[in-house]
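Summary of structural features
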Amino acid sequence: MKGYDHRKIEKKWQDKWLREKIYLTDEGDKKPKSFVLDMFPYPSGEGLHVGHVRVYTASDVYSRMKRMRGYRVLHPTGWDAFGLPTENYAIKNKMPPQKVTKENTDTFRRQMKLLGLSYDWEREINTTDPSFYKWTQWIFLQLLKKGLAYESYEPILWCPSCKTGLANEDLDGNECERCGTVVEKRPMRQWVLKITDYADRLIDDLDLLSEWPLAFREAQRNWIGRSEGAVIKFPISNSQFPIEVFTTRPDTLFGATYMVLAPDHNLVSGLKDKITNWNEVEKYVVSAGKKTEIERTAEGKDKTGIELKGIKAINPANKEEVPVFIADYVLKEYGTGAIMAVPAHDERDYEFAKKFNLPIVKVIEPSFTQTTDPGKVVEGLPVEDREAIIAIVKHWSEDKYIALKWKSVAWVTFITGGIEEGQTAEEAAKMEIMEETGYLNPELTDDFGTLHGKFYHVPKKVNRFAHASTLVFKLKNSERKEVSEDESKMHEVIWLNKDELAKFLTPDSHQRALEILNGKEMYAGSGLLINSGQFNGMESPEAKKEITEFIGGQMKTAYKLRDWVFSRQRYWGEPIPVVHCEKDGVVPVPEAELPILLPEVKFYEPTGTGESPLAGIEAWVNTTCPKCGSPAKRETNTMPQWAGSSWYYLRFIDPQNNKTLIDPKKEKDWMPVDVYVGGAEHATRHLIYARFWHKFLKDIDIVSTDEPFTRLESVGLILGEGGIKMSKRLGNVVNPDDIILTYGADTLRLYEMFIGPFSQASVWNMKSIIGPRRFLEKVWRVAEKIGDGELSDETAVLLNQTIKKVGEDIEVFKFNTAISQMMILLSSFESDKIVTKESFESFLKILSLFAPHITEELWEDLGHTSSIHSEPWPKYDESKLAGDTCTIVIQINGKVRGSFVVPVGSDDEAVKKEGLGHESVQKWLGGVDPKKVVYVKGKLVSIVT
């Protein structure tokens, strides 16, 4: 038989597939559809990396299976090609970005074709192609018509060295990633999209996305950050202008002991003449303005701030004067740019108050309701109020504490009990300590206040609302008396350290007591009000509304989500299709004049003013107003890279249409995207922006679905050897071209899918790529064994099991286990004397998803004239999914080295002995005795040397 020459075979079939266009999309509507999409790449100068290969191979494997299973598949790709990296490269090298983009996309396309990906290349799109961005501009005009696009002055991150605006992702800390210069903030005229108008729908419709990873949905909920709260005004003692805050915790208003404004809050400069330390304040404002948002809000960051001396705010709840500070942890863009600080019940406020020695007033006593068993509150059963104690008892000489392990219910608690009439909390606690543990000499050392807990008392069979005075004692010595029989039957006394308590304590109220014991005074949860005048004893939910009404505030829904700053001060982006006329103001360009093209330039420089380089191209900027015909100027801000990627998936459905964005019939036929594959880093921005645009397009009757993407599959990172992130700086980037040249595209595809679970990070190991290559060489050799006869019973069962398992695993993106199952089947083929043509053809079909070139070659060698990739998925025989025997795989040091068949139910020791005696084991052991032999029943003998 001819040798396995991957270079010759892969080029042969790649050329033929493209020539015969076997992967063109089937537009017929008799088959079910499957729209499979991976997040299209930004074509950088470095070309594809192995992380790209993992994503594209996965979607390719899935697409191939859907075709074989009778689906008409839409599987396209293209280029998200606008953006700052290309702009920077073009400026540095004095060349047009169009040329840079063409070179980069040519490289990516060549590499993708080398991988044998089954894209419909006739649907390739490029966001920088005027025929594409014409429709991006058209969408902007529709947003403008509906009042969802507006102009605003917003701060940009400005690099004084590059003389350009940057996005957060262009920073390394507070420095420009490209040149290392510390960035500044500059207010600039910007275009903004009112994504906040869609905030509720973006959150509520997450419930429709059951096939998205939970982490993605939660990331979006947190990013949008819907919260119910109140707008409260704090008068300033010597000014007519109040400080307005939005708070989700109006129930804590009586505990507000100071106010904090963002350094750039308008009130700061407005109160300049009343601030007695203005010079100090001004220096802080300048310093804060040089920091990025990430620096200012980082967890664990040391709190800084300056009091506005001469200024006092008045707490509207208790009429007390409180100091006013500016601090950089408060951002002007969030909420109202001001906060009421309640240090007893907010972590950041607590840290700030401790540093500046400000009052800390507790106004909430923690309250917990048990929602899980044991102890879940029983609905419909009355709730008994009970004055109680929680006693924390420390050992006389060790750092351990008493816990009670209950015998009739799965509880571990501190010592608890009721306060009888006439008793103090301390007396009740000492009595309970003695009765429940027998210890006689507890000494009170601390009082943690009251903790409240609603729960079902299982032994007593009642719902209770316990109001527990929480006291800390230390035993003077070990003196102890006998505990009664009744108490002994109820619980066992055990001594635990703090870490063990955290692990075993059952009730939330007792866990809170442990937090206080560990020094965490601040409590951010809900509870019962104290130190709050007429509202004392009220529960937080009720108090929020009552206190807001009492001080004349207003209940309001707020969001973390801010309107989308949609413009960039760059050349390399979609021109925004409006002009500025002195008479008519902002005037949309007529739709018939779209696309507004970027001017052709040999090269360009930043303006140095913060404006786009387009502002310096007068022949392009100067135009006439489409409304009145007067001289006008084109908009020189361009769109962000996110623009084209917010709707590109629709263009794949109808890529040549120049009359409308998408044909309605085609849209209804193909939408929504059935499976969308990409990285978790896009869980928020891209996926939120795309959902927003899709919902807007639904509102104007362009699309028919509420959501664009039915199912999401997230890919884990591929790390460099040693578990370090790949980067050019570290020199550990793996170039796919090198792997394909040496080992072949099929080997690379197999390795990428076998390296580990698809959604988890995996570590690249060049030594391990030999395994998939040897597997393919075995496939090549097994083809020589095809002959007349019948499969052994064991292999027949294994073949049917493999067809079933591979199909099921690919459907849920478990590619590594699918390949593992094929390896087991191949070992069985190797062990048999002959392999039937029919069985080998079935094997080739399932392998063809992962290794399309070698399987196509072997398929042709078997006498077929049509492509294996046009074949139906093989069927398995239900009656042969199990048998009287099972195949045992042999692993030596984690690598498959053979297999053998044993009767079901064989003795464990006999199976291990047979495994050790297998010829392949003897070959690999080379006479060395194994250190360990493990048998996994019915599946595996694992040998460790």
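Quick caveat: nothing in here was measured; it's all calculated off a predicted structure. (Residues numbered from 1 in each chain as written. Predicted model: local features only at pLDDT ≥ 70, side-chain atom pairs only at ≥ 80, totals over all residues. Heavy atoms only, no water.)

Description of the pattern of salt bridges
Cut-off, in case you're wondering: Put simply, a salt bridge is a Lys or Arg side-chain nitrogen that is within 4 Å of an Asp or Glu carboxyl oxygen. To sort residues, take the accessible area from a 1.4 Å probe on protein chains only and compare it with the maximum for the residue type: under 20% means buried, over 50% means exposed, and anything in between is partly exposed.
For the coordinates displayed, the defined rule picks out 52 salt bridges. Arginine 123 is the partner of aspartate 120 in a salt bridge, and the nearest nitrogen-oxygen pair spans 3.1 Å. Of the two residues, aspartate 120 and arginine 123, neither departs from the other in class, the shared state being buried.

So, unusual backbone geometry
To be explicit about the condition: To qualify as a helix, a DSSP run of H or I must reach at least 4 residues; to qualify as a strand, a run of E must reach at least 2; elements of each kind are numbered from the N terminus.
A cis amide bond links aspartate 373 to the next residue, proline 374, at an omega of 0°. By secondary structure assignment, the location of proline 374 is in the loop between β16 (364-369) and β17 (383-394). Of note, the bond from leucine 594 into proline 595 is cis; its omega dihedral lies within 30 degrees of zero at 0°. Mapped onto the secondary structure, proline 595 falls in the loop between β28 (585-588) and α17 (618-621). We note that lysine 94 has phi near 50°; this positive angle belongs to a residue other than glycine. As for its position among the elements, lysine 94 is in the loop between α3 (84-92) and α4 (97-114). Phi is positive for aspartate 701, close to 65°, though the residue is something other than glycine.

Focus: the pairing of strand β30 (residues 631-634)
Note the threshold: Pairing between two strands is assigned when DSSP locates at least 2 bridges connecting them.
Summarising the sheet, strand β27 (residues 578-581) and β30 pair through three bridges and their orientation is antiparallel. Paired with histidine 580 across the two strands is lysine 633, which belongs to β30. Of the strand pairs in this sheet, strand β29 (residues 622-624) and β30 are connected by three bridges, and their pairing is antiparallel. Across the sheet, residue threonine 623 finds its bridge partner in β30, namely alanine 632. Taking the residues that link successive antiparallel strands as the turn, the β29-β30 hairpin has six residues, and the phi of glycine 629 there is positive, at about 85°.

Here's the deal with the nonpolar core
Quick note on the threshold: In plain words, nonpolar cores are sets of buried Ala, Val, Leu, Ile, Met, Phe, Trp, Tyr and Cys residues tied together by side-chain atoms within 4.5 Å. By definition, residues are in contact when any of their heavy atoms lie within 4.5 Å.
Ranked by size, the top nonpolar core spans 83 residues in total, and within it Trp764, Phe775, Ile810, Phe840, Phe843 and Phe850 carry the most contacts. Not counting residues within four places of it along the chain, the set of residues in contact with isoleucine 810 comprises Val61, Tyr62, Met65, Phe815, Ala818, Leu849 and Phe850. Residues Leu148, Phe566, Tyr649 and Tyr689 belong to the second largest nonpolar core, which totals 82 residues.

Here's the deal with the sheet that holds strand β14 (residues 321-326)
Our working rule: For helices, the fitted axis covers only the stretch in contact; all axes are lines through C-alpha atoms, and the angles between them, taken along N-to-C directions, range from 0 to 180 degrees.
On the basis of which strands lie adjacent, the open sheet formed by four strands has the order β13-β14-β12-β15 and mixed pairing. Among the strands making up the open sheet, the edge pair consists of β13 (306-314) and β15 (338-341). Ignoring which end each strand starts from, the neighbouring axes of this sheet average 30° apart. When strand β12 (residues 258-261) meets β15, the two strands line up antiparallel, connected through four bridges. Paired with valine 260 across the two strands is isoleucine 339, which belongs to β15. Contacting β13 and β14, helix α9 (residues 278-289) runs over the sheet at an angle of about 105° to β13.

What to know about the side chain of glutamine 137
Applicable threshold: Polar contact is defined as a pair of N or O atoms within 3.5 Å, subject to the rule that within protein one atom must be able to donate a hydrogen and the other to accept it, and that residues adjacent in sequence are counted only when both atoms are side-chain atoms.
Summarising the element assignment, glutamine 137 is placed in helix α5 (residues 130-145). Exposure remark for glutamine 137: the relative accessible area of 0% places this residue in the buried category. At 2.9 Å, the side chain of glutamine 137 and the backbone oxygen of proline 575 are in polar contact. Apart from the residues within four sequence positions on either side, glutamine 137 is in contact with Pro575, Pro577, Leu594, Pro595, Ile596 and Met639.

Some thoughts on α9
Where we set the bar: Here the expected length of a helix is defined as 1.5 Å per residue gap, with one fewer gap than residues.
Here α9 contains 12 residues, and its C-alpha end-to-end distance of 16 Å stays within 8% of the 16 Å for a straight helix at 1.5 Å per residue. Of the surrounding elements, those touching the buried residues of α9 are α8 (266-270), α10 (293-297), β13 and β14.

Here's the deal with the sheet that holds strand β11 (residues 243-247)
Spatial strand order, β11-β10-β25: three strands in an open sheet with antiparallel pairing. Strand pairing shows two members of the sheet lacking a second neighbour, β11 and β25 (554-558), which therefore form its edges. For this sheet the average axis-to-axis angle between neighbouring strands, irrespective of direction, equals 35°. Relative to β25, strand β10 (residues 227-234) runs antiparallel, the two being bridged by five bridges.

Observations regarding empty space enclosed by the protein
Selection rule: In the cavity and pocket records, a cavity denotes points on a 1 Å grid over the protein atoms alone where a 1.4 Å probe fits but cannot get out, a pocket denotes an open set with protein on both sides within 12 Å along at least 5 of 7 lines, and lining residues are residues with an atom within 4 Å of a point. Grid points are joined across faces, edges and corners, and a volume is the space filled by probe spheres set on the points. All amino acids are sorted into three groups, where Ala, Val, Leu, Ile, Met, Phe, Trp, Tyr, Cys and Pro are nonpolar, Asp, Glu, Lys and Arg are charged, and the leftover types, Gly among them, are polar.
With the rule as written, the count across this model stands at two cavities of 30 Å³ or more. Of the voids in this model, the largest cavity is the one considered here, and its volume is about 50 Å³. Taken together, Leu84, Glu87, Asn88, Ile91, Lys163, Thr164, Gln569, Pro606, Thr607, Glu611 and Pro613 make up the lining of the largest cavity. If you tally residues by element for the lining of the largest cavity, the top one is α3, at four residues. Residues of the lining of the largest cavity, tallied by class, amount to four nonpolar, four polar and three charged. As a volume, the second largest cavity reaches approximately 40 Å³. Residues of the lining of the second largest cavity, tallied by class, amount to three nonpolar, two polar and two charged.

Observations regarding the pairing of β17
Consecutive residues of a regular strand have side chains that alternate between opposite faces of the sheet. Note that β17 and strand β22 (residues 462-475) share 12 bridges and pair parallel. For glutamate 387, the partnering residue across the bridge sits in β22 and is histidine 467. Across four bridges, the pairing between β17 and strand β20 (residues 415-418) is antiparallel. Note that in β20 the partner of isoleucine 389 across the bridge is glycine 417.

Overview of the packing of aromatic side chains
Aromatic ring pairs are described here by two measures, namely the spacing of the ring centres and the angle between the planes. Where we set the bar: Between 30 and 60 degrees the pair is tilted, below 30 it is stacked and above 60 it is edge-to-face, where a pair is any two Phe, Tyr or Trp rings, Trp via its six-membered ring, whose centres lie within 6.5 Å. A ring is scored as having a charge over it whenever the NZ atom of a lysine or the CZ atom of an arginine sits within 6 Å of its centre and within 35 degrees of its normal.
Scanning the entire structure with this criterion turns up 47 aromatic pairs. When the ring of phenylalanine 566 is compared with that of tryptophan 693, the centres are 6.0 Å apart and the planes differ by 40°; the resulting orientation is tilted. Of this pair, phenylalanine 566 sits in the loop between β26 (564-565) and β27 while tryptophan 693 is found in helix α21 (residues 685-699), placing the two residues 127 residues apart along the sequence. Judged by relative accessible area, which is 0%, tryptophan 693 ranks as buried. Over the face of the ring belonging to tryptophan 121 we find lysine 113, whose NZ or CZ atom lies 5.2 Å from the ring centre.

Considering the packing of helix α25 (residues 793-811) against helix α27 (residues 837-847)
Stated formally: These descriptions rest on fixed angle ranges, namely under 35 degrees for roughly parallel, over 145 for roughly antiparallel, 65 to 115 for roughly perpendicular, and the rest for oblique. Crossing handedness: left-handed means the near helix sits turned counterclockwise from the far one by under a right angle, and right-handed means the same turn made clockwise.
Contact pair α25 / α27: the axes reach a minimum separation of 11 Å and the direction vectors enclose 20°. When the axes of α25 and α27 are compared, the pair comes out roughly parallel. Judged by the twist between their axes, the crossing of α25 over α27 is left-handed. Contacts between α25 and α27 involve Leu799, Thr802, Ile803 and Val806 from the former and Ser839, Ser842 and Ile846 from the latter. Of the residues contributing to the contact of α25 with α27, the split by class is four nonpolar, three polar and no charged.

Overview of the packing of helix α24 (residues 770-782) against α27
Here α24 crosses α27 at 155°, and the two axes come no closer than 12 Å. Taken together, the axis directions place α24 and α27 in an arrangement best described as roughly antiparallel. Of the two possible hands of crossing, α24 and α27 adopt the one that is left-handed. In this structure, α24 uses Phe775, Val779 and Val782 to contact α27, whose residues at the interface are Phe840, Phe843, Leu844 and Leu847.

Quick look at helix α1 (residues 6-20)
To keep things clear, this is the line we draw: In this context, the arc is that of the directions from the helix axis out to the C-beta atoms.
Look at α1: 21 Å from first C-alpha to last across 15 residues, which is about the 21 Å you get at 1.5 Å a residue. Of the residues making up α1, those classed as buried are His6, Ile9, Glu10, Trp13, Gln14 and Trp17. Looking straight down α1, one finds its buried side chains confined to an arc of 120°; they lie on one side. Exposed side chains of α1 directed beyond 90 degrees from the buried face belong to Arg7, Lys8, Lys11 and Arg19. Elements that come into contact with the buried residues of α1 comprise α4, α22 (736-743), α23 (745-754), α24 and α28 (852-861). Looking one or two residues past α1, lysine 21 carries a phi angle of roughly 50°, positive in sign.

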